[in-house]
Structure formats: structure tokens, C-alpha cells
Amino acid sequence: RPPTSTRDSIRRQRQMCIRDSTLLCIIAAGCGANDDHWSEERIPTRAEFRGICFIDPERGFVVGGDYFIDGGLIGTTGDGGRTWSFQSGLVRAKAGFSLNDVVFLDRFVGVAAGSHGVILRTTDRGRNWHAARPYTGGTDHFHDLFFLDERLGWAVGFNGVIHTTDGGKSWSWLGKRKAIAGDAIHFFDPEQGLVAGKHGRISMTIDGGETWVPVTDPDETGTHDLLTMTFFGPMRGWAGGTDGAVLRTNDGGRSWKRHATGARGRISDLAFVSLNRGWALAADRSSSRSVILDTTDGGETWREDRIVEGELLRALATFGETHAWAAGERPEHGDQVLMRYRAD
């Protein structure tokens, strides 16, 4: 690492980070079910973490917020997740503001998206963050980011999709506002992309986001809300959501089928490091626990790799097949936990 081109780096980061190709499921090398590879790192906050990203095995970022934290929260680590430093008060917003996703375009430039229409950008490795345009101060809650290269990126939320052509400095709406909404977004090239969201709907655009057409069939996929989506290569992709739902496509998102995971709760993040090997985070609020699932057959079948009590894991980052991290929120009393994986 790093890959030879910025585009390859960002695509790899999404596959390994947050929400694929650059920007998720903890990774366990081999056949899974090896708890000796996992460690719990106590972190000094009770925030709700919603996005996590690592640019190398040591340096990473986690974003989130809480009703008791004004202006959101960004955490930075330089030792692989063992210790963290945090910044809060990033925007002038009411308590409860949260950042929901973070992506780094290279080792210096990063972008984070959140509620109240906020897009933040850093050019100094996360030391300082500044609001990009637009900053509406309104109700445009952005859930997911995707960058195709160092310039072209998208964010999706309640009221539609916004687009940047300058690496996140400025943003504009695609098509009509509220024409599309979702929780996860992926683009294959500047014209073709997907948005996944409520009621099991995945929609596709072939004109750069001006128009969107549903591609899911409720008889094949169900109507569970979809929260995350990732691809490995241009054809094979997965989406996850409520009630343990995982969908799979083999044709670049044009058709999808549901595959059972046996998990309760919601699939909050997915990651695949090959066409066959992947992981999913299943968080069940009713039991206050999360299950890390793994698959070695491309999502046809899933099994429990690790149970994490008292923590609702939401966000995943991986780096290669040897490093992984997951964070979320802790509804129980006690120290918050970040899960960290290292292969032998």
C-alpha cells in the first residue's frame, strides 16, 4: 500500500472503510470464528459513532455525535485504534447533531457528512475541519458518502443526492430535490450509480443522477429498510438493512435477491475483501448486543464470528485482509468499546 493511482486508492478505501471502493463487519482472515484475533479497546466517550475510516493500519478517524455533545464529534487515532483524541463543537448546531460518514481522498484530504445539511472538509490530516458548500443549517440529513476519485463524489440523504466535482469543496443538488432519498450510495462511473433506502428500494441512474429508476422487486428482496451497500468490482454487490436482511447482485445492481443471515436486528454495515469473503455487522437493540457475521461464499450463507455484548456496532473499516475496526453506540452502562482485529 498505497495503490498506484488515486482512483484505485479511493475505490479500495471505500471497500475497506465505511460505509467500499474506498468508503463495511469486522474482518477476520481465514475461515472466521476465531475470537483470539479480536480485541476490545475501551474509548473515553459515550458518543454514537456512525462512520469510521482508516487510511493505513495506524491512522484512522471515527465520526458521530450525541444529544449531550454539541456540534458533533470526530476522533483520530495514530496507533491503530488503541488510543483516540477527539474534537467536538465542529459546527454551530443544536445538541444531537451527528456526523454520519467520513472518507479520506488521500492522506491529507478528508470529507465528512452529517445532519443539518453539514459537509465538512479537512486538508491537514484531520487537524482542522471546515464547512463546505452547501451548509444549509436545515433538515437535509446526509447519511452516506461515496467518492469515485479525488474530485468526483456524492452524498445521499433525506432530500436527495448532492454532487461535488472539486473534491468536496463545493456541492450541488442532482436533479430535483426529494426526487430520490436513501441511506447508501454507490457510483460506478460519473453516469451510473445506485441509491438504497426505505422499504427495500434500490434505484439506479444512468444519466448522472438526473433521473432514477427502481431496480428491486419486493417479491425477491422484501420491503425491509436498507442501510448500507458495498461492491467488490463492477458487478458483485451487497446491501444490508433491518430484520437481518442482506441483498446480493451479480449484474452491477440491475437485479437483486435476498439471502438469509439468521441475524436479528439490523445489518448496519457490510464489507467484502474478495468476491467470496465478507463480513456484516448485525446490531440488535432489543438485546443490547451485536453479532459479527462472516461469509466465505459471497453471501450465500452467513455464520456468527463474534458476539459483542452491550454494544450496538454501526460502522466498519477494513484495511486489507489483516486489519479491521468497528464502532457504534453503547446503550448499556460501562465503557464504550471499539472492536479491533489483527490477523496472525
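Residues numbered from 1 in each chain as written. Predicted model: local features only at pLDDT ≥ 70, side-chain atom pairs only at ≥ 80, totals over all residues. Heavy atoms only, no water.

(A) Fine view of the overall build of the chain. Scanning the chain for helices and strands turns up two helices and 28 strands. Each of the 344 residues in the chain was classed as buried or not, and the buried ones make up 60%. Surface summary for the chain: the accessible area is close to 13400 Å², and the carbon and sulfur share equals 47%. (Helix = DSSP H or I, 4+ residues; strand = E, 2+ residues; numbered from the N terminus. Buried < 20%, exposed > 50% of the residue type's maximum accessible area, 1.4 Å probe, protein only. Areas by Shrake-Rupley, 256 points an atom, 1.4 Å probe, with all protein chains shown as cover.)

(B) Geometry of unusual backbone geometry. The phi dihedral of Asp243 is positive, around 55 degrees, even though this residue is not glycine. Take Asp243: it is sitting in the loop between β19 (236-241) and β20 (246-249). On the basis of relative accessible area, Asp243 is assigned to the partly exposed category, the value being 48%. You will see that Ser288, though not glycine, has its phi angle at about 55 degrees, which is positive. By the element assignment, Ser288 lies in the loop between β23 (278-284) and β24 (289-295). Classification of Ser288 by relative accessible area gives buried; the value is 13%.

(C) Structural detail: the environment of Pro331. Structurally, the position occupied by Pro331 is in the loop between β27 (323-329) and β28 (336-342). You can call Pro331 partly exposed: its relative accessible area is 36%. Between the alpha carbons of Pro331 and Glu48 there is a distance of 9.6 Å; along the sequence they are 283 residues apart. Not counting residues up to four positions away in its chain, the partners in contact with Pro331 are Ser288, Gly310, Glu311 and Leu312. (Contact = heavy atoms within 4.5 Å.)

(D) Representation of the sheet that holds strand β22 (residues 266-272) within the structure. Taken in spatial order, the four strands line up as β22-β23-β24-β25 in an open sheet, and their pairing is antiparallel. Of all the strands in the sheet, just β22 and β25 (303-309) have a single pairing partner and so form its edges. Neighbour-to-neighbour, the strand axes of the sheet open up by a mean angle of 20 degrees, direction not taken into account. As paired strands, β24 and β25 are joined by six bridges and run antiparallel to one another. (Pairing = 2+ DSSP bridges. Axes fitted to C-alpha atoms, helices over the stretch in contact; angles between N-to-C directions.)

(E) Region of interest: the environment of Pro234. Its place among the elements puts Pro234 in the loop between β18 (226-232) and β19. Expressed as a C-alpha distance, the spacing of Pro234 and Asp251, which sit 17 residues apart in the sequence, is 8.2 Å. In contact with Pro234, other than residues within four places in its own chain, are Phe188 and Gly252.

(F) View of the confidence of the model for the chain. Residues with a pLDDT of 70 or more make up 87% of the chain, whose mean pLDDT is 86. Overall, residues 1-9 carries pLDDT values under 50, and its contacts beyond four positions in sequence, including any with other chains, amount to eleven contacts. Contacts of residues 11-35 to residues separated by more than four positions or lying in other chains number 146 contacts, the stretch itself having pLDDT below 50. (pLDDT = per-residue confidence, 0-100.)

(G) Quick look at the layout of surface pockets. Here the second largest pocket defines a volume of roughly 310 Å³. Taken together, 20 residues form the lining of the second largest pocket, with Ala181, Gly197, Lys198, His199 and Arg201 sitting closest to its centre. Of the residues belonging to the lining of the second largest pocket, the class tally is eight nonpolar, nine polar and three charged. (1 Å grid on protein atoms, 1.4 Å probe; cavity = no way out; pocket = protein on both sides within 12 Å on 5 of 7 lines; lining within 4 Å. Points joined across faces, edges and corners; volume = space filled by probe spheres on them. Nonpolar A, V, L, I, M, F, W, Y, C, P; charged D, E, K, R; others polar.)

(H) How the structure looks around the pattern of salt bridges. Per the counting criterion, the structure on display carries 15 salt bridges. Linking Asp56 and Arg107 is a salt bridge whose minimum nitrogen-to-oxygen distance equals 2.7 Å. Within this pair, whereas Asp56 is found in the loop between β2 (48-54) and β3 (60-66), its partner Arg107 is found in the loop between β6 (99-104) and β7 (110-114), the two being separated by 51 residues in sequence. Residue Asp56 is classed as buried on the basis of its relative accessible area, which comes to 15%. Ionic pairing is found between Glu311 and Arg330, a salt bridge with its closest N-O pair at 2.9 Å. Pair noted here: Glu311 is in the loop between β25 and β26 (312-319) and Arg330 is in the loop between β27 and β28, with a separation of 19 residues, a long-range link. (Salt bridge = Lys/Arg side-chain N within 4 Å of Asp/Glu carboxyl O.)

(I) Geometry of the packing of aromatic side chains. Tallying each qualifying case throughout the model produces 14 aromatic pairs. Geometrically, the ring pair formed by Phe104 and Trp129 is edge-to-face, given 6.1 Å between the ring centres and 90 degrees between the ring planes. Of the two residues, Phe104 sits in strand β6 while Trp129 sits in the loop between β8 (119-122) and β9 (130-131), which places them 25 residues apart along the sequence. As far as the burial class goes, Phe104 and Trp129 line up, both buried. Feature note: the residues Phe54, Trp84 and Trp325 constitute an aromatic cluster, connected by ring pairs. Above the face of the Phe108 ring, Arg125 is positioned so that its terminal group lies 5.9 Å from the ring centre. (Phe/Tyr/Trp six-rings, centres within 6.5 Å; stacked < 30°, edge-to-face > 60°. Lys NZ or Arg CZ within 6 Å of the ring centre and 35° of its normal.)

(J) The arrangement of the pairing of strand β14 (residues 184-187) in detail. Burial along β14 is two-sided: the face carrying Ala184 and His186 and the face carrying Ile185 and Phe187 are both buried. Note that β14 and strand β15 (residues 193-196) share four bridges and pair antiparallel. Its bridge partner being in β15, Ala184 is matched across the sheet by Ala196.

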